[in-house]
Amino acid sequence: MDRRKFVSTLPALAAGPYLGSVLAGCGSEPLTGPGKIAWDRDVCVRCSMVISDRAYAAQIRDPMKKVLKFDDVGCAVFWKEHQTWSDADIEFWVVDSRAEPVGSQWLDARKAAYAGGRRSPMGYGFAALAEDSAGAVPFAEARKAILAKGK
């Protein structure tokens, strides 16, 4: 593509979520799936705590494909409640707390099971699991308990 043609397409690209990836080139993150977390450096969007406990991290990819990072699934649930997007407009990811090494496996938050009674970073008490296990609850039930806690 010649320069003149490329420049003429920029206004159309600027209206969409893909301009950053077009200009960034090969090194940019994908537009789907969980992003990379810089453990002990990235901070939670909701509470501003450093994301260091790999067993409880969560991410939401918004409709503009921006990745938002959280230190606790509870922070992500509360943050999401104050947005106008529908569940179909976003991707919601949580760490599988049983995967080895911890923090290496991401799960769709709405399909994961949740074990309660854990010491999570912000005290919501849920850890995500890849499959249902004794005492684990589905996302809808964990979400309801998180919202009832009211932090």
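Here's what I pulled together on the structure shown here. Keep in mind it's a predicted model, so treat the numbers as computed, not measured.

Calculation rules
Residues numbered from 1 in each chain as written. Predicted model: local features only at pLDDT ≥ 70, side-chain atom pairs only at ≥ 80, totals over all residues. Heavy atoms only, no water. Pairing = 2+ DSSP bridges. Helix = DSSP H or I, 4+ residues; strand = E, 2+ residues; numbered from the N terminus. Axes fitted to C-alpha atoms, helices over the stretch in contact; angles between N-to-C directions. Core = buried A, V, L, I, M, F, W, Y, C linked by side-chain atoms within 4.5 Å. Buried < 20%, exposed > 50% of the residue type's maximum accessible area, 1.4 Å probe, protein only. Contact = heavy atoms within 4.5 Å. Salt bridge = Lys/Arg side-chain N within 4 Å of Asp/Glu carboxyl O.

### Observations regarding the sheet that holds strand β2 (residues 67–70)
- Read from one edge to the other, the open sheet built from four strands follows the order β2-β1-β3-β4, with strand pairing classed as antiparallel. With one partner strand each, in any of the chains shown, β2 and β4 (106–108) form the two edges of the open sheet. Pairwise comparison of adjacent strand axes, ignoring direction, gives a mean angle of 25 degrees for this sheet.
- As paired strands, strand β1 (residues 58–61) and strand β3 (residues 91–95) are joined by four bridges and run antiparallel to one another. Bridge pairing links Ala58 to Val94 in β3.

### Considerations on the nonpolar core
- Within the largest apolar cluster, 25 residues are counted, with the highest numbers of intra-cluster contacts made by Phe70, Val73, Phe92, Val94 and Tyr114.
- When residues of this core are traced back to their parent elements, those giving at least two are β1, β2, α3 (73–81), β3 and α4 (139–149).
- At six residues, the largest contribution of residues to this core is made by α3.
- In this view, Tyr114 contacts Val73, Val94, Ala109, Phe126, Ala127, Ala128, Gly135, Ala136, Val137, Pro138, Phe139 and Ala142; residues no more than four positions away in its chain are not counted.
- In terms of nonpolar packing, the next biggest core, distinct from the first, is built from seven residues, Ile37, Trp39, Val95 and Trp106 among them.

### Re the pattern of salt bridges
- A full pass over the atoms with the stated rule returns five salt bridges.
- Ionic pairing is found between Lys80 and Asp87, a salt bridge with its closest N-O pair at 3.5 Å.
- Among the ionic pairs, Arg110 bridges to Asp87, the shortest N-O distance being 3.9 Å. Taken as a pair, Arg110 in the loop between β4 and β5 (113–115) and Asp87 in the loop between α3 and β3 lie far apart in primary sequence, 23 residues in all.
- In this structure Asp87 comes out as partly exposed when scored by relative accessible area, which is 41%.
- Sharing partners across several salt bridges, the network here consists of Lys80, Asp87, Asp108 and Arg110.

### Quick look at unusual backbone geometry
- Of the consecutive residues Glu100 and Pro101, the connecting peptide bond is found in the cis state with omega at -10 degrees.
- Of note, Pro101 is situated in the loop between β3 and β4.
- The backbone of Asp40 sits at a positive phi, close to 70 degrees, despite the residue not being glycine.
- Considering the arrangement of structural elements, one finds Asp40 in the loop between α2 (19–24) and β1.
- Here Asp40 falls in the partly exposed class, since its relative accessible area comes to 49%.
- Phi angles above zero are rare outside glycine, and Lys65 is one such case at about 75 degrees.
- Along the polypeptide, Lys65 turns up in the loop between β1 and β2.
- Of the residues examined, Lys65 reaches a relative accessible area of 27% and is grouped as partly exposed.

Everything listed here is a matter of coordinates, which is why it stays silent on function.
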